[in-house]
Amino acid sequence: MKELVIISGKGGTGKTSLTASFAALAGNMVLADCDVDAADLHLLLAPDIQYRADFISGCEAIIREADCRGCGRCAELCRFDAIASVRRASNGVRVHRVDPIACEGCGVCVWNCPHQAIDFPDCHCGEWFISATRHGPMVHARLAPGSDNSGKLVSLVREEARKLAKQQNREWVLVDGPPGTGCPVIAAVTGAARVLVVTEPTVAGAHDLARILQLANHFKIPATVCVNKWDLHPDMTEQMEAAAREAGATPIGRVRYDSAITAAQRRGLSAIEAGAGPLAGDIHAVWRNWQAVAAGNSGSANP
Ligand code: SF4
Ligand code: SF4
């Protein structure tokens, strides 16, 4: 089983569109949509949910207002300012209440309430799914509003996708990673044999590419780079590929700007499925080069 982890220093680089095209090319694969904060692979792949499960992570404090004496001890101790004094709706008596968005689930208030008025149930932070798509199974998730355990959810989605690939003897796991360089990205790349960074030729793109390559180097993960919409700024593309090489990464291709991608997306298709001419050819080349690099051969840098 081989894994392709596709990441980008920021959102909007075309990472997910490329992932959908790679899914069409890979054939025998499992998809993992690890962009759990803003999942959008489902827009192109119309998944049919076959299995769903709760994502439980940590606990949250909930004050039973009927038992609260309003002493304020919990609010004094909460380092996250998650507890406020309010008036009980029934009789106007002052009690305390936890803001579930601000609560970090540390449990300090629970253990120190002199009247044992605080419950501490498991925190339901979202759901994850296994779905059927026209290219194969997809593991994906939805984080509950306000939940910030996306790193753990990313790890879960990736792990479930790997398990499924082993069970079903699938050749590939394609991971659509989250944007940025934070905890969710680290969860998506940890233990990966290699990553593909999708970027675009802009000043912001160059900056974000440098950051994501730093992260890959920090974790000693070999990186490959694809510049999307490269023809919008060929000079910048050259500079970014040179900077990528200096950082130890391997440029494995460029994908041109082509409105055919938008037309394909409107039809709910990837560029490969829509047969988007030269654009599809670019994506094919990146896929071939990725396979060559992953197999230990050198990938060509340019189209
Ligand atoms: S410590 Fe307990 S009794 Fe005191 S305000 Fe908090 S919840 Fe109410
Ligand atoms: S569990 Fe921790 S963070 Fe949440 S309200 Fe209690 S003290 Fe504050």
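Reading the values: the criteria
Residues numbered from 1 in each chain as written. Chains lettered and ligands numbered in written order. Predicted model: local features only at pLDDT ≥ 70, side-chain atom pairs only at ≥ 80, totals over all residues. Domains from an automatic or database assignment. Near = placed C-beta within 6 Å. Nonpolar A, V, L, I, M, F, W, Y, C, P; charged D, E, K, R; others polar. pLDDT = per-residue confidence, 0-100. Contact = placed C-beta atoms within 7 Å. Helix = DSSP H or I, 4+ residues; strand = E, 2+ residues; numbered from the N terminus. Buried ≥ 20, exposed ≤ 12 C-beta atoms within 10 Å, placed from the backbone. Core = buried A, V, L, I, M, F, W, Y, C linked by C-beta atoms within 7 Å. Pairing = 2+ DSSP bridges. Right-handed = clockwise from strand over helix to strand, strands pointing away. Axes fitted to C-alpha atoms, helices over the stretch in contact; angles between N-to-C directions. Parallel < 35°, antiparallel > 145°, perpendicular 65-115°, else oblique. Expected span 1.5 Å × (residues − 1). Left-handed = near helix turned anticlockwise from the far one by under 90°.

Caption draft 1: The arrangement of the domain arrangement of the protein chain in detail. Domain boundaries assigned for the protein chain yield domain 1 (2-57 + 132-294) and domain 2 (61-120). Inter-centroid distance (C-alpha atoms) of domain 1 to domain 2 is 43 Å.

Caption draft 2: Up close: the site of ligand 1. Surveying the vicinity of ligand 1 reveals 13 residues, the closest of which are Cys68, Cys71, Cys74, His96 and Cys113. Its residues assigned to classes, the shell around ligand 1 shows seven nonpolar, four polar and two charged.

Caption draft 3: Spotlight on the site of ligand 2. Around ligand 2, the structure places 14 residues, and the nearest of them are Ala61, Cys78, Cys103, Cys106 and Cys109. In terms of residue class, the shell around ligand 2 is made up of eleven nonpolar, two polar and one charged.

Caption draft 4: How the structure looks around the confidence of the model for the protein chain. Of all residues in the protein chain, 97% have pLDDT values of 70 or greater, and the mean over the chain is 91. Per-residue pLDDT stays below 50 along residues 298-303; that stretch engages in 15 contacts with residues further than four places along the chain or on separate chains.

Caption draft 5: Region of interest: the environment of lysine 166. Relative to the helices and strands, lysine 166 is located in helix α5 (residues 150-167). The class of lysine 166 is exposed, set by 12 C-beta atoms lying within 10 Å.

Caption draft 6: Structural view of the nonpolar core. Membership of the largest hydrophobic core comes to 75 residues, with the highest contact counts inside it found for Val157, Leu174 and Val197. If one sorts the elements of this core by residue count, helix α1 (residues 15-26) sits on top with seven residues. Here valine 197 is in contact with Ile7, Ser8, Leu209, Ile212, Leu213, Ala223 and Val225, once residues within four sequence places are set aside. Of all hydrophobic cores here, the second largest spans 14 residues; its members include Ile63, Cys68, Cys74 and Cys113.

Caption draft 7: Region of interest: the pairing of strand β13 (residues 250-255). Taking burial as the measure, the six residues of β13 include six buried ones, the bulk of the element. Looking at chain direction, strand β12 (residues 223-228) and β13 are connected through five bridges and run parallel. Paired with valine 225 across the bridge in β13 is proline 251. Handedness of the crossover joining β12 and β13 through helix α8 (residues 234-246): right-handed.

Caption draft 8: Summary view of the environment of alanine 53. Relative to the assigned elements, alanine 53 resides in strand β3 (residues 48-59). In this structure alanine 53 comes out as exposed when scored by C-beta crowding, with 12 C-beta atoms within 10 Å. Taking the C-alpha atoms as reference, alanine 53 lies 28 Å from arginine 64; in sequence the two are eleven residues apart. Those residues in contact with alanine 53, other than ones at most four positions away along the chain, are Glu127 and Trp128.

Caption draft 9: Structural view of the packing of α1 against helix α10 (residues 277-294). α10 packs onto α1 with a crossing angle of 70 degrees between their chain directions and a minimal axis gap of 10 Å. Considered as vectors, α1 and α10 are oriented roughly perpendicular to each other. Within the contact between the two elements, α1 uses Leu18, Ser21, Phe22 and Leu25 and α10 uses Ile283, His284 and Trp287. Looking at the contact of α1 with α10, its residues break down into five nonpolar, two polar and no charged.

Caption draft 10: Examining α1 more closely. Helix length check: α1 (twelve residues) gives 16 Å between terminal C-alpha atoms against 16 Å at 1.5 Å per residue, within 8%. Remark: glycine 27 follows α1 within two positions and exhibits a positive phi of approximately 75 degrees.

Caption draft 11: View of the sheet that holds strand β11 (residues 195-199). Taken in spatial order, the nine strands make up an open sheet running β3-β8-β9-β2-β10-β1-β11-β12-β13, and their pairing is mixed. Each edge of the open sheet is held by one strand with a lone partner, namely β3 and β13. If you compare each strand with its neighbour and ignore which way they point, the axes differ by 20 degrees on average. As judged from the nine bridges shared by β3 and strand β8 (residues 122-133), these two strands associate in the antiparallel manner. Residue pairing in the sheet places arginine 52 in a bridge with phenylalanine 129 of β8. Contacts from α1 reach β1 (2-8), β2 (29-33), β10 (172-179) and β11 within the one sheet, and its direction differs from that of β10 by about 175 degrees. Across the sheet, α10 lies against β1, β11, β12 and β13, angled at about 165 degrees from β13, the strand it touches most.

Caption draft 12: Structural detail: the packing of helix α7 (residues 203-218) against α8. α8 packs onto α7 with a crossing angle of 15 degrees between their chain directions and a minimal axis gap of 11 Å. If you check the angle between α7 and α8, you find them roughly parallel. Between α7 and α8 lies a crossing whose hand is right-handed. Taking contact as the criterion, the partners of Gly205, Ala206, Leu209, Ala210 and Leu213 in α7 are, on α8, Met236, Gln239, Met240, Ala243 and Ala244.

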